[in-house]
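Okay, here's what each chain looks like letter by letter:
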Amino acid sequence: MQRSFHHISDDRCIFAFGPSSSPVEKAKPGDVIAFTTLDCFSNQITAEDQYVSGIDFSRINPATGPVAIDGAVRGDALKVRVLEIAPGRRGTIVTIPDAGVLGAETKKSTTRICQVRDGSVHFCGITIPARPMIGVIGVASDEETSCGNPGRHGGNLDTTLISTGATLYLPVFRDDGLLALGDVHAVMGDGEACVAACEVPAEVTVRVDLCKGLAPAWPVLETDDAFFILVSDKDLSEAFEEGFSSAVSALAKANDLSWEDAYMLASLVVDAGVSQLVNPRKTIRVRIPKSMMTIGALLEALHMDA
Ligand code: CA
Ligand code: CA
């Protein structure tokens, strides 16, 4: 099949994933798509004397797209491999009163502009190695979901591991999938403590494919050595319970174990991690080493209708 290259510019963006989105481009499985993305403030903050309170809040968290993937239907997994993330040179980070892990202690709005160059982020005289990642990436969900919230469709997952070389599997809910992404961070610590990271405009290049009939109940991320199930919930404990429940049932099915043996195996080899603690729904991940199963077995075990 002829494979094509697409470019989506940053004036084509959405602020919610859902039924109302209409595609700005059509791609086929195997195609490469480059997205130019705005930062999470729609590039409205350019100086340290500008605060979040002074910008148009209706334009927070834009995602460039959406792109229709030919042949994608409900029940498929959309496979998105991240080929490259090129962050812009100006990064922005803010504090917002009452926001973030320390919201109660945060009394005033602050803005810092960071230079991003030569693989480093320069913040307050401190040099930090850049680790570019995608904050918002998802498909159209059944209900309109703000790009500020994560869920089964992806969205504002703010997961540091969604970076170059990783592959994300998203469940398709609506015809053509409708992939959009944005909110790139030049660097972020797990948790995203202060509610923002080093927010940058960027160029993101991905390859899309379909795994027919293999929609997982939650987004699944594949790295060199592990699979991660990404679960989002208002309640952190419930998110971890759901993540481990999913991991245990996958370990049982893939290794032909009783639930109890799979539970004990999870206790031996599955690592719990935090993606972000600051969005309306928080995102956790459970890490399953690749030696435990194949991606096909994992997607089958986690099927959204299972
Ligand atoms: Ca975000
Ligand atoms: Ca962000």
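For clarity, every value in this text was computed on a predicted model and none was experimentally measured. (Residues numbered from 1 in each chain as written. Chains lettered and ligands numbered in written order. Predicted model: local features only at pLDDT ≥ 70, side-chain atom pairs only at ≥ 80, totals over all residues. Heavy atoms only, no water.)

1. Observations regarding the coordination of the calcium ion (ligand 1)
Looking at the calcium ion (ligand 1), the protein donor atoms are Asn156 (OD1), Asp158 (OD), Asp158 (OD) and Asp183 (OD), and they sit 2.2 to 2.5 Å from it. Here the donor residues of the calcium ion (ligand 1) are spaced in sequence according to N-x1-D-x24-D. A gap of 3.4 Å separates the calcium ion (ligand 1) and the calcium ion (ligand 2), which Asp183 links by coordinating each metal. Residue classification places Asn156 among the buried residues on the basis of a relative accessible area of 3%. You can call Asp158 buried: its relative accessible area is 2%. (Donors = N, O, S within 2.8 Å, 3.2 Å for Na, K, Ca; no water. Buried < 20%, exposed > 50% of the residue type's maximum accessible area, 1.4 Å probe, protein only.)

2. Structural notes on the sheet that holds strand 22 (residues 271–276)
Taken together, the nine strands give an open sheet; going across it, the order is 1-5-19-7-16-20-21-23-22, and neighbouring strands pair in mixed fashion. The open sheet terminates on both sides in strands that have one partner only, identified here as strand 1 (5–8) and strand 22. Ignoring strand direction, the axes of neighbouring strands in this sheet form an average angle of 25°. Relative to strand 5 (residues 32–37), strand 1 runs parallel, the two sharing four bridges. Pairing of Phe5 across the sheet is with Val32, part of strand 5. Of the strands in this sheet, strand 21 (226–233), strand 22 and strand 23 (282–289) are in contact with helix 1 (residues 236–255), which crosses strand 23 at around 25°. (Pairing = 2+ DSSP bridges. Helix = DSSP H or I, 4+ residues; strand = E, 2+ residues; numbered from the N terminus. Axes fitted to C-alpha atoms, helices over the stretch in contact; angles between N-to-C directions. Contact = heavy atoms within 4.5 Å.)

3. Some words on the coordination of the calcium ion (ligand 2)
For the calcium ion (ligand 2), the full set of protein donor atoms is Asp183 (OD), Asp183 (OD), His185 (NE2), Glu199 (OE) and Glu199 (OE), at a range of 2.2 to 3.1 Å. Mapped onto the sequence, the donors of the calcium ion (ligand 2) take the spacing D-x1-H-x13-E. Taking the relative accessible area as the measure of exposure, His185 reaches 0% and is therefore buried.

4. Considering the pairing of strand 10 (residues 120–123)
Both strand 9 (residues 110–117) and strand 10 contribute to a ladder of three bridges, which runs antiparallel. Residue pairing across strands places Val116 opposite Val121, the latter belonging to strand 10. The pairing of strand 10 with strand 11 (residues 126–129) spans four bridges and is classified as antiparallel. Paired with Phe123 across the bridge in strand 11 is Ile126. Linkage of strand 10 to strand 11, two consecutive antiparallel strands, is achieved through a turn of two residues, within which Cys124 is found at a positive phi near 50°.

5. Things to note about the environment of Glu105
Checked against the element boundaries, Glu105 lands in the loop between strand 8 (90–95) and strand 9. Residue class for Glu105 comes out exposed when judged on its relative accessible area of 59%. C-alpha of Glu105 to C-alpha of Gly18: the two residues are 87 residues apart in sequence and 35 Å apart in space.

6. Topic: the nonpolar core
By size, the foremost hydrophobic cluster in this structure holds 40 residues, and its most contacted members are Ile33, Ile69, Leu78 and Ile137. Considering each element in turn, this core owes the most residues, five residues, to strand 19 (residues 202–211). Residue assignment places this core across two domains, with domain 1 (5–211) and domain 2 (220–301) each supplying three or more. Those residues in contact with Ile137 that sit more than four places away from it in its chain are Phe17, Val80, His153, Gly154, Gly155, Leu157, Ile162, Leu168, Leu170, Leu179, Ala180 and Leu181. In terms of nonpolar packing, the next biggest core, distinct from the first, is built from 30 residues, Ala77, Ala239, Ala266 and Leu299 among them. (Core = buried A, V, L, I, M, F, W, Y, C linked by side-chain atoms within 4.5 Å. Domains from an automatic or database assignment.)

7. Details of the domain arrangement of the chain
When the domains of the chain are assigned, the result is domain 1 (5–211) and domain 2 (220–301). At the junction of the two partners, domain 1 supplies 26 residues and domain 2 supplies 19 residues. Inspection of the region where domain 1 meets domain 2 yields one salt bridge. Two residues, Asp190 and Arg285, come together in a salt bridge whose shortest N-O distance is 3.0 Å. Elements supplying a minimum of two residues to the side of domain 1 that touches domain 2: strand 14 (150–151) and strand 16 (167–171). Tallying contributions element by element places strand 16 first for the side of domain 1 that touches domain 2, with three residues. Its residues assigned to classes, the side of domain 1 that touches domain 2 comprises 12 nonpolar, 10 polar and four charged. (Salt bridge = Lys/Arg side-chain N within 4 Å of Asp/Glu carboxyl O. Nonpolar A, V, L, I, M, F, W, Y, C, P; charged D, E, K, R; others polar.)

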